[in-house]
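A look at the structure
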Amino acid sequence: MRRCCSAIALTTALAGCRGFGRDLSPIRLEPIVTLGATSGDGAIATTPTVSAHHPGGFWIVTPAASAIGTLPLIYGDDGKYLGALHGDSTLASSMTGPKFARLGPGDSIWMFDNSGRVLVFGPQRNFVRSVMLPDAPDAAEILPDNRIVVSRGGDPVLRLYGANASPVRVIGPENPATVRLKGLPIVFGFRDGALFTSSPFDHSIEQWDTGGDLRRTIDMHIDRTPRPVAASHDWNWVRSHPPLTIVMPRWIDAVGRVWLVGQIPDRHWQQALRSADSTAQFPLPADVDTYHDTIIEVRDLETGRVIAAARFDPLYQFVEPGVLAHVIRTSAGWYQVELVRIVFTESASRP
């Protein structure tokens, strides 16, 4: 996995990009490569999810499940389509709607699908084995010892499984039924035998040991006005309330700073709703880049204090530490992914 952004800003700076304050920000984005052909086998048919960069020199793109039944696609560092990720001819190596890929120890590739099956591939993309989880997770991480940590939507706990998917323990509150809605918990860091987790609506970081015990909770002091709870399919309500703000910790860097990436309302979010279908059950704008902006923050892990921040106009997805993805749709209806690298300029943050 690539490690970017080694320099750390020393003062707080909030600046924009694409026309407002780019040169003043200690954080900027630089293009890496665009994935997805404009036609043929390397074209992406449905909304894609991108894996972390594989040390073998490629990216794994998983199109959203559809009737087409597309396999995960492999693209080289130059953006060239290299083929699809698939098992052998056995039932154990089949995928039922691939969801996302994770990288594990020894540069292994772990592909999770909609049935709960996890297909494990070697560094050369050769199928090795498969394991079966009780349910299909919405998020997962592979620990250095090949154990699997997963979370499911609506479940406030993490579940730890062995390398062969045998249940080990639940990590989380003793009585999950009493926990207020936090959203899908994710593991975003693993350091010194501890797991760092966070949830979209909690605004705090929890540090657990793999024995399931909570070591500490760190308040990130995220000053966000929560969106009122209402029926999101009510068109009058949607156009009178800004889109949801979600800012989540995504990684801890080498010097112990935590990086957060999230979505906040675009300055022109109401204009974006003009393109939405008001008769739809869930009216959403066709242009999400006009509806959402992306915010990147660097914070002190111990106190939650903001060290540096920057705002960018397009909506970016987190890929791996230091790398984000911007999904676009071509005029022919295919999807492409623009990968960008987050770069810190330490001198730009000094007073």
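Criteria and thresholds
- Per chain, the residues get numbers from 1 upward, laid out in the order the sequence is written.
- For this predicted model, a pLDDT threshold of at least 70 governs which residues receive local features, and a threshold of 80 or more governs which side-chain atom pairs are given and counted, while totals over whole chains, interfaces and linings are taken from all residues.
- As a rule here, side-chain values cover all heavy atoms of the structure and leave hydrogens and water aside.
- Each reported salt bridge corresponds to a side-chain nitrogen of Lys or Arg within 4 Å of a carboxyl oxygen of Asp or Glu.
- The helix and strand labels rest on DSSP assignments: H or I over at least four residues marks a helix, E over at least two residues marks a strand, and numbering proceeds from the N terminus.
- Accessible area is worked out with a 1.4 Å probe on protein chains only. A residue is then buried under 20% of its type maximum, exposed over 50%, and partly exposed in between.
- If DSSP finds at least two bridges between two strands, the strands pair.
- The axes are straight lines fitted to the C-alpha atoms, using for helices just the contacting stretch, and the angles between their N-to-C directions are given from 0 to 180°.
- Whether two residues are in contact is decided by their heavy atoms, any of which lying within 4.5 Å being enough.

**Overview of the pattern of salt bridges**
With the rule as written, the count across this model stands at 12 salt bridges. Between glutamate 141 and arginine 102 there is a salt bridge; the shortest N-O distance is 3.6 Å. In this pair, glutamate 141 is assigned in strand S11 (residues 139–142) and arginine 102 in strand S7 (residues 98–104), connecting sequence segments 39 residues apart. In this structure, arginine 216 engages glutamate 302 in a salt bridge whose closest nitrogen and oxygen atoms are separated by 2.7 Å. Placement of the pair is arginine 216 in strand S18 (residues 214–219) and glutamate 302 in the loop between strand S21 (292–300) and strand S22 (306–312), with a sequence separation of 86 residues. Judged by relative accessible area, arginine 216 falls into the partly exposed class, the value being 28%. For glutamate 302, a relative accessible area of 51% gives the class exposed.

**A short note on the pairing of strand S14 (residues 167–171)**
Bridge count for strand S13 (residues 158–161) against S14 is four bridges, and the pairing is antiparallel. Considered in S14, the bridge of leucine 158 is made with isoleucine 171. Connecting S13 to the next strand, S14, in antiparallel fashion are five residues, including alanine 165 with a positive phi near 75 degrees.

**A few points about the sheet that holds strand S4 (residues 58–63)**
Either a parallel or an antiparallel arrangement is found when strands of a sheet pair, and the pairing is made through backbone hydrogen bonds. The strand order across the open sheet formed by four strands is S3-S4-S5-S6, and the pairing between neighbours is antiparallel. Each edge of the open sheet carries a strand with a single partner, namely strand S3 (48–50) and strand S6 (81–84). Each strand of the sheet is rotated relative to its neighbour by a mean of 25 degrees, with strand direction disregarded. Pairing of strand S5 (residues 73–76) with S6, which is carried by three bridges, proceeds in the antiparallel orientation. In the sheet register, leucine 73 faces S6, and the bridge partner there is alanine 84.

**Observations regarding the environment of aspartate 135**
The residue aspartate 135 is located in the loop between strand S10 (127–132) and S11 in this model. Between the C-alpha atom of aspartate 135 and that of arginine 152, which follows or precedes it by 17 residues, the distance is 8.4 Å. When neighbours within four sequence positions are excluded, aspartate 135 is seen to be in contact with Gly116 and Arg152.

**Regarding the sheet that holds strand S2 (residues 27–35)**
Pairing is antiparallel across the open sheet formed by four strands, whose spatial order is S2-S25-S24-S23. Each of the sheet's edge strands pairs with one partner strand only, and the pair in question is S2 and strand S23 (317–320). Taken pair by pair, the neighbouring strands of this sheet meet at an average axis angle of 35 degrees, ignoring direction. In this structure, S23 lies alongside strand S24 (residues 323–329), joined through three bridges in antiparallel fashion. Residue pairing across strands places glutamate 320 opposite valine 323, the latter belonging to S24.

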